[in-house]
Amino acid sequence: MRVLLDIQKKLLPDLLDVLGSRFRILRFIRLMQPIGRRSLATSLGMSERVLRSEVTFLKDQGLLDMATAGMTLTEEGKNVLTQLEEIMSDIFDLKDLEEQIKKSLGLVEVIVVPGDSDEAPWVKKEMGRVTVQLMKRHLADEASKIVALTGGTTIAAVAEMMTPDSEMKETLFVPARGGLGEQVENQANTICATMATKAMGSYRLLHVPDQLSQDSYSSLMEEPKVKEILNLIRSANLVIHGIGEAKTMAERRGSSEEILQNLNEKQAVAEAFGYYFNKDGDIIHRVLTIGLQLEDVSNSKLVVAVAGGASKAQAISAYMKQGTSNVLITDEGAAKALLQLHS
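Computed from a prediction, not measured in an experiment: that's the story for all the values here.

Parameters at a glance
- Residues numbered from 1 in each chain as written.
- Predicted model: local features only at pLDDT ≥ 70, side-chain atom pairs only at ≥ 80, totals over all residues.
- Heavy atoms only, no water.
- Helix = DSSP H or I, 4+ residues; strand = E, 2+ residues; numbered from the N terminus.
- Rg over C-alpha atoms; globule rule 2.2 N^0.38 Å.
- Buried < 20%, exposed > 50% of the residue type's maximum accessible area, 1.4 Å probe, protein only.
- Contact = heavy atoms within 4.5 Å.
- Areas by Shrake-Rupley, 256 points an atom, 1.4 Å probe, with all protein chains shown as cover.
- Lys, Arg positive; Asp, Glu negative; His and termini not counted.
- Charge placed at Lys NZ, Arg CZ, Asp CG, Glu CD.
- Pairing = 2+ DSSP bridges.
- Axes fitted to C-alpha atoms, helices over the stretch in contact; angles between N-to-C directions.
- Salt bridge = Lys/Arg side-chain N within 4 Å of Asp/Glu carboxyl O.

Peer 1: Help me out: how do you make sense of the overall build of the chain in this one?
Peer 2: Along the chain, the regular secondary structure elements total 16 helices and 13 strands. Taking 2.2 N^0.38 as the reference for a compact globule, 343 residues should give roughly 20 Å; the C-alpha atoms of the chain span a radius of gyration of 21 Å, in line with that estimate. Dimensions along the principal axes, computed over C-alpha positions, put the chain at roughly 65 × 45 × 35 Å. Among the 343 residues that make up the chain, the fraction classed as buried is 53%. Contacts in the chain between residues far apart in sequence, at least 24 positions, make up 69% of those at least 6 positions apart. Counting only carbon and sulfur atoms, one obtains 50% of the accessible surface of the chain, whose full area is about 16,100 Å². On the chain, the mean spot of the 39 positive side-chain charges and the mean spot of the 46 negative ones are 3 Å from each other.

Next up, the structure:
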């Protein structure tokens with residue numbers, strides 16, 4: 001297959017361009033369906049005239065349906081897209097990227113999706129879709145099915161892409177931490193409830209603030225209900241979390257000027273689970289929070305980090321030096337920037 005693709009790149013480069021364009025159209029429709037032609041053209045940066053010709057061809061091939069509500073993929077379209085994804089990974093050299101990053105970061109598995117979520121926010125949805133696939137695959141043979149989730153826009157995209165599945169009725173979804181004081185849709189509790197509802201599973205919530213004073217922390221840790229949910233969270237056999245840029249996360253938490261200055265002086269670049277890291281992966285600050293701690297994370301069977309965008313490459317690299325996550329799901333923009341950091 002690889003030899004054939006190399007020959008096609010040399011002799012029929014236009015063919016691969018057309019294939020790539022139609023792949024992007026089908027992939028975007030799958031993520032956003034039903035979607036109108038004008039919205040699709042804007043999102044893909046194509047003229048409506050060119051897009052009209054492409055979607056007409058795809059409709060004639062039986063790969064998509066057009067209705068008043070918008071375009072949707074047919075079952076044949078979904079099947080073709082699934083088969084095409086493996087081929088496009090080779091064309092975009094994503095397999096090579098995955099192997100190189102897996103080796104440089106010492107991970108069990110790396111999945112790279114095409115695009116850069118810094119430039120195209122919908123790429124987060126593609127990372128979310130792939131994460132859902134991995135989650136279902138992992139939980140299929142597990143006797144205990146407890147999934148712990150952090151908050152953030154990327155993990156919210158994972159919840160958005162969850163689909164109903166009778167095989168997940170026994171799955172319990174729990175938040176990895178309390179609320180962050182940000183938009184409610186991006187909080188771990190909300191994401192947890194959304195994912196459980198879509199997956200036909202169940203959920204438990206953690207009704208505590210993300211940041212606490214020492215007195216409040218000590219008091220809440222003695223509450224029976226808090227202890228109960230914490231035991232569930234710590235027993236999760238699958239943890240799905242995001243990785244944040246240190247300054248962005250500190251500002252979202254409403255951190256004091258003293259903390260912001262401290263993070264700046266110590267050159268913090270990454271945040272995860274309430275811990276801040278410098279580029280060498282050293283912990284330089286920790287938020288007093290109720291939820292999963294780094295020492296708890298390493299007890300989980302599978303820990304999946306989901307983060308993308310070229311701007312997050314340094315944060316991903318720094319956090320991964322902790323060695324607590326064994327799977328990374330990212331995008332092409334972050335993957336290429338990661339390789340530059342490690343070259």
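Peer 1: How do you make sense of the sheet that holds strand β9 (residues 268–272) when you look at a structure like this?
Peer 2: Hydrogen bonds between backbone groups are what pair the strands of a sheet, and the pairing can be parallel or antiparallel. What the 4 strands build is an open sheet, ordered β8-β9-β10-β11; its pairing is antiparallel. The open sheet has two free edges, formed respectively by β8 (244–245) and β11 (283–286), since each of these has just one partner strand. When β9 meets strand β10 (residues 275–278), the two strands line up antiparallel, connected through 4 bridges. Pairing of A268 across the sheet is with N278, part of β10. Where helix α15 (residues 313–320) meets the sheet, its contacts fall on β8, β9 and β10, and the angle it forms with β9 comes to roughly 70 degrees.

Peer 1: Explain the pattern of salt bridges here, please?
Peer 2: A side chain with one charge can pair with a side chain of the opposite charge if their charged atoms come near. In this structure the tally under the stated criterion is 19 salt bridges. One salt bridge connects E99 with K102, and the closest N-O pair in it is separated by 3.5 Å. Placement of both E99 and K102 in helix α6 (residues 94–105) is noted, with a separation of 3 residues, approximately one turn of the helix. Given the relative accessible area of 26%, K102 is considered partly exposed. Across the pair E332 and K336 runs a salt bridge whose closest N-O atoms are separated by 3.2 Å.

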